[in-house]
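Each chain, letter by letter, is given below.
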Amino acid sequence: MASYDIRPLQLRILEILLAIDKVCKVHGLRYYLAAGTMLGAVRHRGFIPWDDDVDIAMPRKDYDLLMQHGREWLPEPYEALFAERNPEYPSDFAKVVDSSTTLVERAHHSYVGGIYVDVFPIDGMTPNWLKQRIHFARYSFYKKIIYLLCRDPYKHGHGPSCWLPLLCRRCFTLKGVLHRLLALQKKYADHAQELVVDHDFGMRGIMPPSVYGNPQEVEFEGHVLCGVEQADCYLSKLYGDYMTIPPGDKQRQHNFYFLDYHLPYREYQDHRDFL
């Protein structure tokens, strides 16, 4: 479990989520509480007690509009970070971050940002099972390469464990791998009327678009936000018996390397060496 008090972090993240909700409603964008955040809304009417992040999902068209106009639509100090505009950003999904804060998730990963809400695009997916398997094999490969490119190659010492990360640095660039990964995500856009997918969940994330459907009002921490239309189907597909509280050793929580509510992440002095 984390060493910090989780509730102040949850409340700061909630402020970001409420800002996104307002922007989406003003500009007619669809979004859904997703993953553990949707589960929290259904089971707890707010955060899962040990959860220290928020996930939302958006249809690709709405996602792209938010990313394109984030600078003008999001109020300060919030900003949208995503790979197409931030070549050092190491992920295929976006974050809306509080730029007045600093958060470093892992000691051995180079990314430095602020407290955030994860924003996942919802893309089309082929109904062909074999093509799905091939698709996610490629997706997992690219994700692993990105991780190795951003990881301290000497995390486990200077022996054979550092060879693969160093080889990846010789063979790939972060910009090039992200370009391939983002193109892969959009490959089956023409199938979006049949199946959609949140890639972060792998093949479990493949669902009929009717599961997301029209955003439904759900209570979250005393606020009315947008959830998926078929919540039971969605959560059962992702988590199985989602209403049962998992035992303590299964209650996953980050243990962030560095967290500061008052230091803008661009002013953070990073003394770690990944060369």
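Conventions we followed
- Residues numbered from 1 in each chain as written.
- Predicted model: local features only at pLDDT ≥ 70, side-chain atom pairs only at ≥ 80, totals over all residues.
- Heavy atoms only, no water.
- Helix = DSSP H or I, 4+ residues; strand = E, 2+ residues; numbered from the N terminus.
- Rg over C-alpha atoms; globule rule 2.2 N^0.38 Å.
- Buried < 20%, exposed > 50% of the residue type's maximum accessible area, 1.4 Å probe, protein only.
- Contact = heavy atoms within 4.5 Å.
- Areas by Shrake-Rupley, 256 points an atom, 1.4 Å probe, with all protein chains shown as cover.
- Lys, Arg positive; Asp, Glu negative; His and termini not counted.
- Salt bridge = Lys/Arg side-chain N within 4 Å of Asp/Glu carboxyl O.
- Polar contact = N/O pair within 3.5 Å; in protein donor to acceptor, adjacent residues only side chain to side chain.
- 1 Å grid on protein atoms, 1.4 Å probe; cavity = no way out; pocket = protein on both sides within 12 Å on 5 of 7 lines; lining within 4 Å.
- Points joined across faces, edges and corners; volume = space filled by probe spheres on them.
- Nonpolar A, V, L, I, M, F, W, Y, C, P; charged D, E, K, R; others polar.

Participant: Explain the overall build of the protein chain to me, please; I cannot follow it from the model alone.
Facilitator: When its secondary structure is counted, the protein chain shows 8 helices and 10 strands. Against the compact-globule benchmark of 19 Å for 275 residues, the protein chain has a radius of gyration of 19 Å, which places it among compact chains. Along the longest, intermediate and shortest principal axes, the C-alpha atoms of the protein chain span 50 × 45 × 45 Å. Looking at the 275 residues of the protein chain, the share that counts as buried comes to 52%. Within the protein chain, residue pairs in contact and separated by at least 24 positions form 69% of the contacts whose partners lie at least 6 positions apart. For the protein chain, the accessible area works out to roughly 13700 Å², and carbon and sulfur atoms hold 53% of it.

Participant: Got a minute to help me understand the side chain of Arg43 in this structure?
Facilitator: Residue position: Arg43 is located in helix 2 (residues 35-43). The buried charged residue Arg43 lacks any salt bridge, with Asp241 as its nearest oppositely charged partner at 7.7 Å. For Arg43, the side chain forms a polar contact with the main-chain oxygen of Tyr242, separated by 2.6 Å. Setting aside residues up to four positions removed in sequence, Arg43 forms contacts with Ile48, Trp50, Tyr242, Met243, Thr244, Ile245 and Pro246.

Participant: How should the environment of Pro59 be read in this particular structure?
Facilitator: Note on placement: Pro59 falls in strand 2 (residues 55-59). Looking at Pro59, the relative accessible area reads 13%, which means it is buried. For the pair Pro59 and Tyr212, spaced 153 residues apart in the sequence, the C-alpha separation amounts to 9.5 Å. Aside from chain neighbours lying at most four places away, what touches Pro59 is Arg30, Tyr32 and Ile122.

Participant: Looking at this structure, how should I read the layout of surface pockets?
Facilitator: To find the voids left in a structure, one rolls a probe of water-molecule size over its atoms. Estimated volume of the largest pocket: approximately 1400 Å³. Lining the largest pocket are 41 residues, with Asp53, Asp118, Asp200, Arg252 and His254 positioned closest to its centre. Mapped by element, the contributors of at least two residues to the lining of the largest pocket are helix 2, strand 5 (113-124), helix 4 (129-150) and helix 8 (231-239). With 4 residues, the top contributor of residues to the lining of the largest pocket is helix 2. Of the residues contributing to the lining of the largest pocket, the split by class is 18 nonpolar, 7 polar and 16 charged. Here the second largest pocket defines a volume of roughly 440 Å³.

Participant: Teacher, can you tell me more about the pattern of salt bridges here?
Facilitator: Applying the stated criterion across every chain, the model contains 11 salt bridges. Close ionic contact of Asp21 with Lys25 constitutes a salt bridge, the shortest N to O distance being 3.1 Å. Note that Asp21 and Lys25 are positioned in helix 1 (residues 6-27) at a spacing of 4 residues, about one turn of the helix. Take Asp21: its relative accessible area is 8%, and that puts it in the buried class. Ionic contacts of the salt-bridge type, sharing partners, join the residues Arg60, Asp64 and Asp123 into one network.

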